[in-house]
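Per-entry structural report
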Amino acid sequence: MTTTANTEPAAATQDSTSSAGASVVVRDLHQRYGDFEAVKGVSFEIRPGELFALLGTNGAGKTTTIETLEGFRRPSSGTVRVFGQDPFGQPAGIRERVNAVLQGSGLLEDLSVEESLGLTSDLAADPRGIDEILQLINLTDKRKLRIRQLSGGQKRRLDLGSALMTRPEVLYLDEPTTGMDPEARHETWKIINELKESGVAVLLTTHYLEEAERLADRLAIMHRGEIRVEGTLAGVLAGWGDRVSFLLPSDVRTADLPDVAGAGIEVETRDQELWATYTVSDGDVAERAHHAVAALMGWAAERGTVLQHLQVRGASLEDVFLQVADGAADLLAE
Ligand SMILES: Nc1ncnc2c1ncn2[C@@H]1O[C@H](COP(=O)(O)OP(=O)(O)OP(=O)(O)O)[C@@H](O)[C@H]1O
């Protein structure tokens, strides 16, 4: 199985130079708030030109991890390095090379869009032009508006534009497209892909799984402070089997569905219709899915029933996410 639980051994004393070439290195990070442990031994690294997506349930510890990388929190234990340096306190060598779009926008609501970008520009060593940024985030026609007059999605785009003003080599994006309409989200994905291509190392957290599917070179799913699943998208999905689904015929009750060797059955309601799904996950998945389809077709023929919308598909990121949230990843990883 290519899906892995985070079983990496504790490496708090390991020197970050063992990850030569990585812009960001996190090793066995633990973060506590009083008695509560919000992050429990998280490890990952991000190389230039790579986007690492940190997905997870609410309260999983994603923002805490980003805030630690940003230098706002000292790790309770473990090691965090950005360009080989400890980011705590944001030393100058890191501050000038890193930027972030965080959940709470730091924008001053009474400034106009261009005044806000002007302030950011004044603080940057080698800023991009304001016109260039406005064009990039598609807000040129809003440049004179006060920030409080912008929509939620427009403010999010301005957040991103402000972060790009400083030409960061590492960019943290904490739910960057929240509140954006689909078109703005696609535009933002284009910008993020271009950043990656130009060599920026990106850490993305998002609740939009499609966003991670589109952008991530590698991803991790966090739950209750731990990374439960990690890898490339293909690697993460490979360990979770294939699904054979069809619309439950109106004359078939759940109890009438046949058992298929090695496959679990689930019946769920989608758009007020009942769907049956057989999941095959062990052994040669393609072969088992093939046999499951053959067995179901044989069963349907015997009953004189047609299986409508019969489909075979691999696991989606949503399937994996939901199973991780249910704790099923623990079982699969054993
Ligand atoms: N300052 C704090 N004091 C105490 N507990 C905190 C503090 N900040 C966060 N937590 C707790 O730590 C856990 C992790 O929170 P965090 O914001 O990192 O999660 P998250 O993965 O970003 O969640 P979400 O997806 O909901 O934004 C949560 O249980 C949260 O309640």
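Residues numbered from 1 in each chain as written. Predicted model: local features only at pLDDT ≥ 70, side-chain atom pairs only at ≥ 80, totals over all residues.

**Topic: the overall build of the chain**
Basically, it comes down to this: Secondary structure elements follow DSSP: runs of H or I of four or more residues count as helices, runs of E of two or more count as strands, with numbering from the N terminus. Our exposure labels follow a C-beta count within 10 Å of each residue's own C-beta, placed from the backbone: buried means 20 or more other C-beta atoms, exposed means 12 or fewer, and partly exposed covers the counts in between. Contact criterion: two residues are in contact if their C-beta atoms, reconstructed from the backbone, are within 7 Å.
What the chain contains, in helices and strands, is 11 helices and 13 strands. Expressed as lengths along the three principal axes of its C-alpha atoms, the size of the chain is roughly 75 × 50 × 35 Å. Expressed as a percentage of its 334 residues, the buried residues of the chain come to 37%. In the chain, 69% of the contacts between residues at least 6 apart in sequence involve partners at least 24 apart.

**Observations regarding helix α3 (residues 113-123)**
Note the following rule: Here the arc refers to the directions that run from the helix axis out to each C-beta atom.
Restricting attention to buried positions, one finds in α3 the residues Val113, Ser116, Leu117 and Thr120. Relative to the axis of α3, the buried residues are bounded by an arc of 95° and lie together on one face.

**Notes on the packing of α3 against helix α5 (residues 152-164)**
For clarity, the threshold we go by: An axis is simply a line fitted to the C-alpha atoms; with a helix, the fit covers only the stretch in contact. Between two such axes, the angle follows the N-to-C directions and lies from 0 to 180 degrees. With respect to orientation, any angle under 35 degrees is reported as roughly parallel, any angle over 145 as roughly antiparallel, any angle of 65 to 115 as roughly perpendicular, and every other angle as oblique. Handedness of each helix crossing follows the sense of rotation of the near helix against the far helix: counterclockwise by less than a right angle gives left-handed, clockwise gives right-handed. Any residue outside Ala, Val, Leu, Ile, Met, Phe, Trp, Tyr, Cys, Pro, Asp, Glu, Lys and Arg is labelled polar, Gly included; the first ten of those are nonpolar and the last four are charged.
With their axes 9 Å apart at the nearest point, α3 and α5 run at an angle of 25° to one another. Taken as axis vectors, α3 and α5 run roughly parallel relative to one another. Two packed elements cross with a definite hand, and for α3 against α5 that hand is right-handed. Each of Val113, Ser116, Leu117 and Thr120 in α3 lies in contact with α5, whose residues at this interface are Leu158, Gly161 and Ser162. Of the residues in the contact of α3 with α5, the class split is three nonpolar, four polar and no charged.

**A closer look at the environment of tyrosine 278**
Turning to its location among the elements, tyrosine 278 is positioned in strand β12 (residues 273-280). What makes tyrosine 278 buried here is the crowd of 26 C-beta atoms within 10 Å. Taking the C-alpha atoms as reference, tyrosine 278 lies 9.3 Å from aspartate 259; in sequence the two are 19 residues apart. Dropping the residues within four chain positions of it, tyrosine 278 is found in contact with Val244, Val260, Ala263, Ile265 and Ala292.

**Concerning the sheet that holds strand β13 (residues 308-314)**
Our working definition: Being paired, for any two strands, means DSSP has found at least two bridges between them.
Taken in spatial order, the four strands line up as β11-β12-β10-β13 in an open sheet, and their pairing is antiparallel. Each end of this open sheet is capped by a strand with a single partner; those strands are β11 (263-270) and β13. The mean angle between the axes of side-by-side strands here comes to 20°, regardless of whether they run parallel or antiparallel. Pairing analysis gives five bridges linking strand β10 (residues 242-247) to β13, with the strands arranged antiparallel. Each bridged residue has a counterpart across the sheet, and for arginine 243 the counterpart in β13 is arginine 313.

**A few points about the site of the ligand**
Operational definition: Near, as applied to residues and a molecule or strand, means the residue's backbone-placed C-beta atom lies within 6 Å of it.
The full set of residues close to the ligand is Tyr33, Phe36, Ala38, Gly56, Asn58, Gly59, Ala60, Gly61, Lys62, Thr63 and Thr64. Taken together, the elements giving at least two residues each to the shell around the ligand come down to β2 (36-46) and α1 (62-70). By residue number, the principal contributor to the shell around the ligand is α1, which donates three residues.

**With respect to the sheet that holds strand β3 (residues 51-56)**
Sheet architecture is open: six strands sit in the order β5-β6-β7-β3-β8-β9, paired in mixed fashion. Where the open sheet ends on each side, the last strands, each with one partner, are β5 (98-101) and β9 (226-231). Across the sheet, the mean angle separating the axes of adjacent strands is 15° when strand polarity is ignored. Contacting β5 and β6 (170-174), α5 crosses the sheet at an angle of about 180° to β5. Sitting on the sheet, helix α10 (residues 317-325) is in contact with β3, β8 (218-223) and β9, with an inclination near 30° to β8.

**Thoughts on the pairing of β10**
In the sheet, β10 pairs with β12 via six bridges, with the strands oriented antiparallel. Note on β12: the bridge partner recorded for phenylalanine 246 is alanine 276.

**Re unusual backbone geometry**
Unlike most non-glycine residues, glutamate 175 shows phi in positive territory, near 50°. As for its placement among the helices and strands, glutamate 175 is situated in the loop between β6 and α6 (182-197). Non-glycine residue glutamine 272 carries a positive phi angle of around 65°. Along the polypeptide, glutamine 272 turns up in the loop between β11 and β12.

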